[in-house]
Amino acid sequence: RSPSPTDRGGSETPKFGAHIALSAMIDPNFGWGGGRPARIGDVKAAFLVESLTGNTWQAAEKVANLLAQERWSITGLSKVKQPDYASIQEADLILVGTWVHGAFVFGQSPWAVSNIANLPTMRGKRAAGFLTFALDPGKALDKLDRALGDTGAYVIGGLALNRGKLDEHSEVFAERLVDAVAVG
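Reference entry: report on the structure contained in this document. (Residues numbered from 1 in each chain as written. Predicted model: local features only at pLDDT ≥ 70, side-chain atom pairs only at ≥ 80, totals over all residues. Heavy atoms only, no water.)

Glancing now at the environment of Arg163. Note on placement: Arg163 falls in the loop between strand S6 (154–162) and helix H6 (166–183). Of the residues examined, Arg163 reaches a relative accessible area of 48% and is grouped as partly exposed. Placed 29 residues apart in sequence, Arg163 and Ala134 show a C-alpha to C-alpha distance of 5.8 Å. The contacts of Arg163, once residues within four sequence positions are left out, are Asn55, Phe133 and Ala134. (Helix = DSSP H or I, 4+ residues; strand = E, 2+ residues; numbered from the N terminus. Buried < 20%, exposed > 50% of the residue type's maximum accessible area, 1.4 Å probe, protein only. Contact = heavy atoms within 4.5 Å.)

Below, the structure is given as structure tokens:
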């Protein structure tokens, strides 16, 4: 059985973040028209990314392209360690992506978590995190959520994406972001 995207280290039925109204993900009749929540455009999103092998950066680009198809504006795509402060200030939602490092099945954590926790320009912003991983993200997403919260950002959720299924998991993440913003 291939790994699915997970939002809490190992969940086979991921739910996008614990900080949003999950009724949109659980109730198929939630929103307009008895189906998915209404889509909204004109959302501005900034991406902050750390990538070792290029997988996390590739996931960010895929998600950015999918969000642009939903009429979102991407204000910037920059490195966590070299953030584009203007794009962060302009954005409604900050998306922070990094990779999971540590031993194969224990001690996992998000790379550059201390840099993420010290981003002062995220105060009062909504944020969501994403991680790329090979085997098991462990509790890395929880650690990323805490680091994002330490910036003063309102964390709406996050998702761990298996690097072997970036296309599929990037689509899941983009869809959940659009749904979360439509509900929240």
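Following the structure, the description resumes.
With that settled, the discussion passes to the packing of aromatic side chains. Scanning the model with the defined rule gives 3 aromatic pairs in all. Measuring from centroid to centroid gives 6.5 Å for Phe47 and Phe130, while their planes differ by 75 degrees, and the two rings are edge-to-face. Here Phe130 lies in strand S5 (residues 126–133) and Phe47 lies in strand S1 (residues 44–49), a separation of 83 residues in the sequence. Pair check on accessibility: Phe47 and Phe130 agree, each one buried. Ring centres of Trp99 and Trp111 lie 5.0 Å apart, and the angle between their planes is 20 degrees; on these two criteria the pair is classed as stacked. On the criterion of sequence distance, the pair formed by Trp99 in strand S3 (residues 93–101) and Trp111 in the loop between strand S4 (109–110) and helix H4 (113–117) is long-range, its members being 12 residues apart. (Phe/Tyr/Trp six-rings, centres within 6.5 Å; stacked < 30°, edge-to-face > 60°.)

As a packed pair, helix H2 (residues 55–69) and H6 sit with axes 9 Å apart at the nearest point and diverge in direction by 50 degrees. With respect to each other, H2 and H6 are oriented oblique. Between H2 and H6 lies a crossing whose hand is right-handed. Residues Asn55, Gln58, Ala59, Lys62, Val63, Leu66 and Leu67 of H2 form the contact with H6, whose participating residues are Leu166, Asp167, Ser170, Glu171, Phe173, Ala174, Leu177 and Val178. Among the residues forming the contact of H2 with H6, the class breakdown is 9 nonpolar, 3 polar and 3 charged. (Axes fitted to C-alpha atoms, helices over the stretch in contact; angles between N-to-C directions. Parallel < 35°, antiparallel > 145°, perpendicular 65-115°, else oblique. Left-handed = near helix turned anticlockwise from the far one by under 90°. Nonpolar A, V, L, I, M, F, W, Y, C, P; charged D, E, K, R; others polar.)

The quantities given are spatial measurements derived from coordinates; they are silent on function.
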